[in-house]
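Listed below are the residues making up each chain.
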Amino acid sequence: MKRPWKCVSVPLRDGMIHWPGDPACQIQRVNKMEEGAVCNLTHLSLSAHTGTHMDAPRHFIADGMTMEKMPLEPVIGRCRVIELADVVDQITADDLRVIKFAVGQRVLFKTRNSTRSWAMSEFDKDFISIRADAAQYLVEQKVATVGVDYLSIGGYEKDGVETHQIMLGAGIWVIEGLNLAEVKAGFYDMICLPLKIDGADGAPCRVVLR
Ligand SMILES: [Zn+2]
């Protein structure tokens, strides 16, 4: 018997932590049964890059592919959770050279972000990110999908733009904002389904592993 599915998305919440400068996540119930409405109804206002979400190439490539055109293969199937517990700044190409990647692999990186950054009451500017040389290395390894356990593959006020340009420019599908605290390193079945938002440069997604 297969083990039960485990959710590795973070919950969307009113006022939740978001990338500095991005619009806030607002979740408000506009119809309330306790006030006489026939049903409850919630209004959402959020950036496409809120919480656990995917980046489409369009995020950093002017004519890149948009969310609704994403093929499903990069987000459904076997994936590998790689734990990099010792990284305290950025994931470098040297950190990755000791790992054997496979062409077309779906890879999720678990770092201290999963337990540390998500537990903070403010945006964590020192979250572990992927340095540009590591991004280039992942492109050379021809992985299909890369997931990270905080809000960006690239660092805050570091080489974040470059990291995005390298990976999205090479057609790697990017999942950001995972929480892998409850998941050990190893191989899993993954289902990651981002919302089908026409023309969007990203979309919130629910990600489950088994
Ligand atoms: Zn994003």
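Structure: above.
Just so it is clear, the structure is predicted and the values come from calculations on it, not from any experiment. (Residues numbered from 1 in each chain as written. Predicted model: local features only at pLDDT ≥ 70, side-chain atom pairs only at ≥ 80, totals over all residues. Heavy atoms only, no water.)

Peer 1: Give me the lowdown on the pattern of salt bridges, citing residues and values where you can.
Peer 2: This model, assessed by the stated rule, comprises eight salt bridges. Put simply, D189 and R78 hold a salt bridge, and the shortest N to O gap is 3.1 Å. Separated by 111 residues along the polypeptide, D189 in strand β11 (residues 186–194) and R78 in strand β5 (residues 76–83) bring together distant segments of the chain. For D189, a relative accessible area of 14% puts it in the buried group. Judged by relative accessible area, R78 falls into the partly exposed class, the value being 45%. The partner of D94 in a salt bridge is R97, and the shortest N-O contact between them spans 3.2 Å. Here the residue D94 and the residue R97 both occupy positions in helix α1 (residues 93–97), the gap between them amounting to three residues, near one helical turn. (Salt bridge = Lys/Arg side-chain N within 4 Å of Asp/Glu carboxyl O. Helix = DSSP H or I, 4+ residues; strand = E, 2+ residues; numbered from the N terminus. Buried < 20%, exposed > 50% of the residue type's maximum accessible area, 1.4 Å probe, protein only.)

Peer 1: Describe the coordination of the zinc ion, and please don't skip the residues or the numbers.
Peer 2: H49 (ND1), H53 (NE2), D55 (OD) and E176 (OE) make up the full set of protein donors to the zinc ion, lying at 2.0 to 2.3 Å. For the zinc ion, the four donor atoms are set out with angles of 76 to 167° between them, so the coordination reads as irregular. Read in sequence order, the donor residues for the zinc ion give the motif H-x3-H-x1-D-x120-E. Under the relative-accessibility criterion, H53 is labelled buried at 0%. (Donors = N, O, S within 2.8 Å, 3.2 Å for Na, K, Ca; no water. Tetrahedral: all angles 85-135°; square planar, octahedral: opposite > 155°, others 65-115°.)

Peer 1: Hey, could you go over the nonpolar core for me, with residue numbers and the actual values?
Peer 2: For soluble globular proteins, the rule of thumb is that nonpolar side chains tend to be buried together. Residues I91, L96, F101, F109, I130, L138 and M167 are the most contacted members of the largest nonpolar core, which totals 26 residues. Among the elements of the structure, α1, β7 (106–110), α2 (132–140) and α3 (160–169) are those that each provide at least two residues to this core. Residues contacting M167, with those up to four places away along its chain left out, are I130, A135, L138, V139, V146, I153, I172 and V174. If you look at the next biggest cluster of nonpolar residues, it comprises 22 residues, including C79, V183, Y188 and L209. (Core = buried A, V, L, I, M, F, W, Y, C linked by side-chain atoms within 4.5 Å. Contact = heavy atoms within 4.5 Å.)

Peer 1: Before we move on, could you go through the side chain of T52 and cite the residues and values that matter?
Peer 2: Here T52 lies in the loop between β3 (41–45) and β4 (53–55). Accessibility expressed as a relative area gives 2% for T52, which makes it buried.

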